[in-house]
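Residue-level structure breakdown
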Amino acid sequence: KVFMHHPNEMPSVHHQGLILPYDTQTTIIINIKSHRTNDNLRSYSSSIRKCYFGDENKLEFFKTYTVSNCLVECETDVLLKACGCVIFSMPRNKTTRVCQLSDIECLDGKSFFMEEQDQLDCHCLPPCNRIQNLITTSMDPEMFQIDSNE
């Protein structure tokens with residue numbers, strides 16, 4: 001599996017990424033798109049301009065605001081409120097309890113991960129100034145096919 005993320009983001013390969021078959025030639029094209037928002041738009045609320053500037057919406061566990069980091073913190077908060085614990089890979093402070101096997105009943109059926117992000121009330125807007133990776137792939141399974149008649 002291949003996953004490309006911002007260097008200041010917590011990698012979450014199980015949420016995102018591209019599964020590459022072992023018997024296929026895969027070409028990956030990465031285009032980078034820069035988004036810049038004029039500072040004059042600061043006077044509008046984030047809900048109107050649909051983004052956060054760098055000094056808005058500070059995160060508890062991450063120095064750099066990204067949508068992915070915001071969602072990780074939101075998911076962590078939701079799970080902590082629902083079960084009183086967090087999964088070991090989630091960010092936490094020293095007093096936060098890590099979920100144990102005895103918490104399985106609470107955790108069972110709860111999928112607080114990015115595939116259901118629209119069901120969470122996270123308010124994770126994109127940064128107003130950001131770089132976006134646009135990834136295009138093409139696969140050629142014929143490249144590695146072996147003729148069984150040989």
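None of the values given here were measured: they were computed from a predicted structure.

Rules behind the numbers
Residues numbered from 1 in each chain as written. Predicted model: local features only at pLDDT ≥ 70, side-chain atom pairs only at ≥ 80, totals over all residues. Heavy atoms only, no water. Helix = DSSP H or I, 4+ residues; strand = E, 2+ residues; numbered from the N terminus. Buried < 20%, exposed > 50% of the residue type's maximum accessible area, 1.4 Å probe, protein only. Areas by Shrake-Rupley, 256 points an atom, 1.4 Å probe, with all protein chains shown as cover. Expected span 1.5 Å × (residues − 1). Contact = heavy atoms within 4.5 Å. Phe/Tyr/Trp six-rings, centres within 6.5 Å; stacked < 30°, edge-to-face > 60°. Lys NZ or Arg CZ within 6 Å of the ring centre and 35° of its normal. Salt bridge = Lys/Arg side-chain N within 4 Å of Asp/Glu carboxyl O. 1 Å grid on protein atoms, 1.4 Å probe; cavity = no way out; pocket = protein on both sides within 12 Å on 5 of 7 lines; lining within 4 Å. Points joined across faces, edges and corners; volume = space filled by probe spheres on them. Nonpolar A, V, L, I, M, F, W, Y, C, P; charged D, E, K, R; others polar. Patch = residues over 30% accessible without salt bridge, like charges linked within 9 Å, V, L, I, M, F, W, Y side chains within 5 Å.

1. Quick word on the overall build of the chain
Along its length, the chain carries 3 helices and 2 strands. Counted from the first residue to the last, the chain has its helices and strands arranged as β-α-α-α-β. With 150 residues in all, the chain has 27% of them scored as buried. Put simply, the chain shows about 10,600 Å² of open surface, and 52% of that area lies on carbon and sulfur atoms.

2. Considering helix α2 (residues 67-83)
Look at α2: 24 Å from first C-alpha to last across 17 residues, which is about the 24 Å you get at 1.5 Å a residue. Residues S68, N69, C70, L71, V72, E73, C74, E75, T76, L79 and C83 constitute the buried set of α2. Residues of α2 that are buried make contact with α3 (104-107). G84, located one to two residues past α2, shows a positive phi value of around 75°.

3. Points about the packing of aromatic side chains
The geometry of an aromatic ring pair comes down to the distance between the two centres and the angle between the two planes. Scanning the model with the defined rule gives 1 aromatic pair in all. Above the face of the F53 ring, R42 is positioned so that its terminal group lies 4.2 Å from the ring centre.

4. As for the pattern of salt bridges
Within this structure, the stated rule accounts for 4 salt bridges. Among the salt bridges present, the one from D55 reaches R42, with a minimum N-O distance of 3.0 Å. Highlighted residues: D55 in the loop between α1 (46-49) and α2 and R42 in the loop between β1 (25-35) and α1, separated in sequence by 13 residues. For R42, a relative accessible area of 35% translates into the label partly exposed. In this structure, the salt-bridge partner of R49 is E56, at a minimum N-O distance of 2.2 Å. Each member of the salt-bridge network shares a partner with another, and the members are D39, R42 and D55.

5. Side note on the environment of M90
Within the secondary structure, M90 sits in the loop between α2 and α3. Expressed as a C-alpha distance, the spacing of M90 and V72, which sit 18 residues apart in the sequence, is 7.4 Å.

6. Thoughts on the layout of surface pockets
When its volume is computed, the largest pocket comes out at roughly 1,000 Å³. For the largest pocket, the lining is made up of 39 residues, of which H6, E9, I131, Q132 and N133 are closest to its centre. Where the lining of the largest pocket is concerned, the elements lending two or more residues are β1, α2 and β2 (130-140). At 6 residues, β2 tops the list of elements feeding residues into the lining of the largest pocket. Residues that form the lining of the largest pocket fall into these classes: 20 nonpolar, 13 polar and 6 charged.

7. So, a nonpolar patch on the surface
The grouping of V2, M4, I28, I30, I32, I131 and I135 at the surface amounts to a nonpolar patch, some 610 Å² of accessible area in total. Secondary-structure elements contributing two or more residues to the nonpolar patch are β1 and β2. In terms of residues, the nonpolar patch owes the most to one element, β1, which gives 3 residues. Checked against the element boundaries, I32 lands in strand β1. By relative accessible area, I32 is classed as exposed at 60%.

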